[in-house]
Amino acid sequence: PIKRFIALQLLFILIASTTYAQNAERIKLKHGSHREGKRTDSVMQKWRGNGLGQFIHWGLYAIPGGEWNGKQYNGAAEWIRSWNGIPKSAYDSLIYKFNPINFNADEWASIAKNMGAKYVTITTKHHDGFCLWPSKYTSYTVANSPWKKDIMKPLVDAYDKAGLDVILYFSIMDWNHPGWRYDIKTKADSIAFEGFKKFTRNQLIELLTMYPKAKGLWFDGTWDKSWVKQAKFADELEAEMRKLRPGLIIGSRFRADEYGKRHFDSNNVLMGDYEQGWERKLPNSIADVHGNDWDCVMTIPENQWGYNKAWKGHIKSSNELIEMTAKAVSLGGNFVLNFGPKGDGSIRDEEKKLASEIGDWMKVNSEAIYNCEYSGLEKQDWGYFTKKREKDKVYLIIFNTPVSGAYRVKLPAKTAIAKSYLLTNPNMDLRVEEVHSNEYFIYAKPTTEAKPFVIVLDTKKKENNGGNNYEKAK
Ligand SMILES: C[C@@H]1O/C(=N\OC(=O)Nc2ccccc2)[C@@H](O)[C@H](O)[C@@H]1O
């Protein structure tokens, strides 16, 4: 007993000292992250399992579509107002041209559903400040356009009816509001920005009240010094929104801590519920995601979120986009593909075609995407591993078929392969050969030319006799 007592004492001292050491290097933060590690509630579990989402960028910028007086704007179409070639007032007058006669919320929702998306992120207000809902706090909304009607309500209802969760995109930066400032340098700036902060809070409470079905907010336009300096206000506003809408999902881009640190606070802890930094790029390894939830938002052209008449530069193929989806899920994230509807409310044919090609693949292979997570297995050249959450089922999503026809898999020591088969042919066991201990070749032929396919591994705990029911390497 005396030995046990001493051992327990030593253990206690060890734990206490490591905890102290961790905390010691941590600085005291009032407005840093308030939660560490992944959220475990059902709303976030559902979000985590979505895998594939749709982003919608729509607003007045879709009317010029990246062109003004016949001249192409070289930047992203939704930023055209910032172009010197356009008088700001001329852009702002586009409100009088907003009349999307071909807008059909159900069509947008069915495109997303048929693509295999499980959720949608929709711009309520982009940087130009034009509101797709009839906000009480500004006149710069659909209510004062020829269209007159709310756009957000039919969209939220249509996606909800189609079974997709809705996330509302909201830009803090608002070029239309007189109180917006890029930085606060004078007393006058400070007074103006106080009005802007009240306006912002009012609009966010208004959105959560008018569209209670929304599962989260995707914040943007939060990089300027004026907002970065609002650690206390933003922290309190986030708390108020979470209280108003329990379970609300808010990413790392909303607010900075009191030292101006964004996405990760001054103790390097993620702000918000998931990392929002992956914009038009993907992490390369699991180390890049720091054990957090995350989403990658992606454009089909190089960098056009709003509709651009010119479908120029490299346009990603459905194979490329399927591979990005697989890579995102293989590293524990969601892939959110952007669509930029035209000014008349229709979705361009090129985007509809890609959505349908992705959907064709998802209809056959989505078991390897939905509710899947990082497998913990060593990445191989043929493609990406995903693992079904809380199941002993691993998927090999194949993009590069080896000339040998053999797909290398390395498993942890305690894991055996119970069965291996093509997702499209579960009744035909694939030949498995153990080439080294815990390293295997699975032999398979591509099922469809020039399209990715999936091999399934049913795994199990290894019994002492090796527990694998397949041939050993000769
Ligand atoms: C989703 C995109 O988000 C934006 N900007 O995002 C960023 O600035 N992302 C960013 C910036 C620095 C580092 C990492 C990401 C917007 O300006 C753009 O129009 C679009 O709505």
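These numbers come from a predicted model, not from an experiment. (Residues numbered from 1 in each chain as written. Predicted model: local features only at pLDDT ≥ 70, side-chain atom pairs only at ≥ 80, totals over all residues. Heavy atoms only, no water.)

Draft legend 1. Expanded view of the packing of helix 4 (residues 105-115) against helix 5 (residues 152-161). In the contact formed by helix 4 and helix 5, the axes pass within 8 Å of each other and the chain directions differ by 40 degrees. Our classification of the angle between helix 4 and helix 5 gives oblique. When the axes of helix 4 and helix 5 are compared, the crossing they make is right-handed. Contact residues: helix 4 offers Ala105, Asp106, Trp108, Ala109 and Ala112, while helix 5 offers Pro154, Leu155, Ala158, Tyr159 and Lys161. Partitioned by chemical class, the residues of the contact of helix 4 with helix 5 number eight nonpolar, no polar and two charged. (Axes fitted to C-alpha atoms, helices over the stretch in contact; angles between N-to-C directions. Helix = DSSP H or I, 4+ residues; strand = E, 2+ residues; numbered from the N terminus. Parallel < 35°, antiparallel > 145°, perpendicular 65-115°, else oblique. Left-handed = near helix turned anticlockwise from the far one by under 90°. Contact = heavy atoms within 4.5 Å. Nonpolar A, V, L, I, M, F, W, Y, C, P; charged D, E, K, R; others polar.)

Draft legend 2. Layout of the site of the ligand. In the vicinity of the ligand, the contacting residues are His57, Glu78, Trp79, His126, His127, Tyr169, Asp220, Trp223, Arg253, Glu279 and Trp305. The side chain of Trp79 places a nitrogen or oxygen atom 2.9 Å from an oxygen atom of the ligand. Here an oxygen atom of the ligand sits 2.9 Å away from a polar atom, N or O, in the side chain of Asp220. When isolated, the ligand has an accessible area of 480 Å², and the protein chains bury 74% of it. Looking at the shell around the ligand, its residues break down into four nonpolar, three polar and four charged. (Near = heavy atom within 4 Å. Polar contact = N/O pair within 3.5 Å; in protein donor to acceptor, adjacent residues only side chain to side chain. Areas by Shrake-Rupley, 256 points an atom, 1.4 Å probe, with all protein chains shown as cover.)

Draft legend 3. Structural detail: the environment of Lys312. Mapped onto the elements of the fold, Lys312 is located in the loop between strand 9 (294-298) and helix 9 (318-330). On the basis of relative accessible area, Lys312 is assigned to the partly exposed category, the value being 33%. With eleven residues separating them in the primary sequence, Lys312 and Pro301 have C-alpha atoms 7.0 Å apart. Residues contacting Lys312, with those up to four places away along its chain left out, are Gln72, Tyr73, Asn74, Pro301 and Gln304. (Buried < 20%, exposed > 50% of the residue type's maximum accessible area, 1.4 Å probe, protein only.)

Draft legend 4. Structural context of helix 10 (residues 349-365). Across its 17 residues, helix 10 extends 24 Å between first and last C-alpha, which sits within 8% of the 24 Å expected from 1.5 Å per residue. Those residues of helix 10 that sit buried are Glu351, Leu354, Ala355, Ile358, Gly359, Trp361, Met362 and Asn365. Projected down its long axis, helix 10 shows its buried positions confined to an angular sector of 165 degrees, all on one face. Counted as exposed and oriented over 90 degrees from the buried face of helix 10: Asp349, Lys353 and Lys363. In the core, the buried residues of helix 10 are packed alongside strand 1 (52-56), helix 4, helix 9, strand 10 (334-339), strand 13 (393-398) and strand 19 (453-461). (Expected span 1.5 Å × (residues − 1). Arc of directions from axis to C-beta.)

Draft legend 5. Seen up close, the environment of Ala416. By secondary structure assignment, the location of Ala416 is in strand 15 (residues 415-422). A sequence separation of 287 residues divides Ala416 from Gly129, and the C-alpha atoms of the two residues are 56 Å apart.

Draft legend 6. Representation of the sheet that holds strand 13 in the model. Spatially, six strands are ordered 11-12-13-19-15-16 in an open sheet, and the strand pairing comes out antiparallel. Since the sheet does not close on itself, it has two edges, and those belong to strand 11 (372-373) and strand 16 (425-429), each with one partner. Docked against the sheet, helix 9 engages strand 11, strand 12 (383-388) and strand 13, running at close to 50 degrees with respect to strand 12. (Pairing = 2+ DSSP bridges.)

Draft legend 7. Broad picture of the sheet that holds strand 7 (residues 249-250). Taking strand neighbours across the sheet as the criterion, the eight strands line up as 7-6-5-4-1-10-9-8 in an open arrangement whose pairing is parallel. The open sheet has two edge strands, strand 7 and strand 8 (275-279), and neither has a second partner. Across four bridges, strand 9 lies against strand 10 in parallel orientation. Paired with Val297 across the two strands is Val336, which belongs to strand 10. Lying on the sheet, helix 6 (residues 187-210) is in contact with strand 4 (119-125), strand 5 (165-171) and strand 6 (216-220); it crosses strand 5 at an angle near 165 degrees.

Draft legend 8. The pattern of salt bridges, seen in detail. According to the stated counting rule, one finds 35 salt bridges in the structure shown. Glu240 serves as the salt-bridge partner of Arg201, at 2.6 Å between the closest nitrogen and oxygen. Of this pair, Arg201 sits in helix 6 while Glu240 sits in helix 8 (residues 231-244), and the two are 39 residues apart along the sequence. Look at Arg201 and you get partly exposed, because its relative accessible area is 29%. Among the charged side chains, a salt-bridge network with shared partners connects Arg35, Arg39, Asp41, Asp235, Glu238, Arg242, Arg255 and Asp273. (Salt bridge = Lys/Arg side-chain N within 4 Å of Asp/Glu carboxyl O.)

Draft legend 9. Representation of unusual backbone geometry. For Asn268, which is not a glycine, the phi torsion comes out positive at approximately 65 degrees. For Asn268, a relative accessible area of 59% translates into the label exposed. A positive phi angle is found at His290, which is not glycine, with a value near 50 degrees.

Draft legend 10. A look at the packing of helix 4 against helix 10. Two elements in contact, helix 4 and helix 10, have axes separated by 7 Å at closest approach and are oriented at 40 degrees. In terms of orientation, helix 4 lies oblique with respect to helix 10. Along its contact with helix 4, which presents Glu107, Ile111, Asn114 and Met115, the element helix 10 presents Lys352, Ala355, Ile358, Gly359, Met362 and Lys363. A per-class count over the contact of helix 4 with helix 10 returns five nonpolar, two polar and three charged.

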